[in-house]
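Architecture at a glance
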Amino acid sequence: MGLPKGHVRWRGESLLARALAAVRGAGLRPLVVGDASPYATEGARVLADRPANIGPLGGLRSVLLDGGGVVLAVDMPFVDVDDLRELVRAGLDAPYASGSGFAPFPAWYAPSLLPLLDRQLERGVRSFRAFIDAIPSRERTVVTLSPRCTQDWDTPEDVRASGGELPQGWPHG
């Protein structure tokens, strides 16, 4: 979108602040993964992507190395505390995607997936979808969450269409 998505606002609050509040409200430990330099991380621990510059799988690898947990993207304004609590309640030791179809976030990712992820990265796989598809189906469970929780904002048009607010001076705003 031209600037960090965590600065986009929904109902007067930045997407990053909303995500951190939902994580804390669900009783989880908040982490910001990746380049957090554009943000005030509000007391959340920050993890760098490992390895860097490969996209979301580098961030997921950092989370798995840190012990795993619930993962969501900052550009998902409709994830709430109840969605995250439902993921935790499912209590599985494997990831589960929410909703129907391909939805890698929000989901639970267990550290037991690290060897599979490392094998994928060693083969040059950088697609999150390919990683999810490589997880044996017996280890994937779909958890039904609120209908809008997997919606993300990838463009200024997405933000505007859902009633979000772009920061002043935002490119394309």
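Refer to the preceding data block for the structure.
Now for a quick tour of the structure. This is a predicted model, so every value here is computed, not measured.

1. What about the packing of aromatic side chains?
All chains considered together, the criterion is met by six aromatic pairs. Between Trp-10 and Phe-78, the ring centres sit 5.1 Å apart and the planes meet at 85°, which makes this aromatic pair edge-to-face. Highlighted residues: Trp-10 in strand 1 (residues 9-10) and Phe-78 in the loop between strand 5 (69-71) and helix 3 (81-90), separated in sequence by 68 residues. As far as burial versus exposure is concerned, Trp-10 and Phe-78 are alike and both buried. An angle of 90° between the planes, with centres 6.0 Å apart, marks the rings of Phe-78 and Trp-153 as edge-to-face. Of this pair, Phe-78 sits in the loop between strand 5 and helix 3 while Trp-153 sits in the loop between helix 5 (128-134) and helix 6 (156-161); the two residues are 75 residues apart in sequence, bridging distant segments of the chain. According to the relative accessible area criterion, Trp-153 is buried, its value standing at 0%. In textbook terms, an aromatic cluster arises when at least three aromatic residues are bridged by ring pairs, as seen for Phe-105, Tyr-109, Phe-128 and Phe-131. Stacked on the ring of Phe-78, the Lys or Arg Arg-148 has its end atom at 3.6 Å from the ring centre.

2. Structural notes on the nonpolar core
By size, the foremost hydrophobic cluster in this structure holds 29 residues, and its most contacted members are Leu-57, Leu-60, Leu-84, Tyr-109, Phe-128 and Phe-131. Listed by contribution, the elements that provide at least two residues to this core are helix 1 (15-25), helix 2 (56-65), strand 5, helix 3, strand 7 (107-109), helix 4 (114-122) and helix 5. Those residues in contact with Leu-60 that sit more than four places away from it in its chain are Val-71, Tyr-109, Leu-117, Phe-128 and Phe-131. Core analysis: the second largest hydrophobic core is formed by seven residues, Leu-15, Phe-78, Trp-153 and Val-159 among them.

Conventions used here
- Residues numbered from 1 in each chain as written.
- Predicted model: local features only at pLDDT ≥ 70, side-chain atom pairs only at ≥ 80, totals over all residues.
- Heavy atoms only, no water.
- Phe/Tyr/Trp six-rings, centres within 6.5 Å; stacked < 30°, edge-to-face > 60°.
- Helix = DSSP H or I, 4+ residues; strand = E, 2+ residues; numbered from the N terminus.
- Buried < 20%, exposed > 50% of the residue type's maximum accessible area, 1.4 Å probe, protein only.
- Lys NZ or Arg CZ within 6 Å of the ring centre and 35° of its normal.
- Core = buried A, V, L, I, M, F, W, Y, C linked by side-chain atoms within 4.5 Å.
- Contact = heavy atoms within 4.5 Å.

Keep in mind that these numbers describe shape and distance, not what the molecule does.
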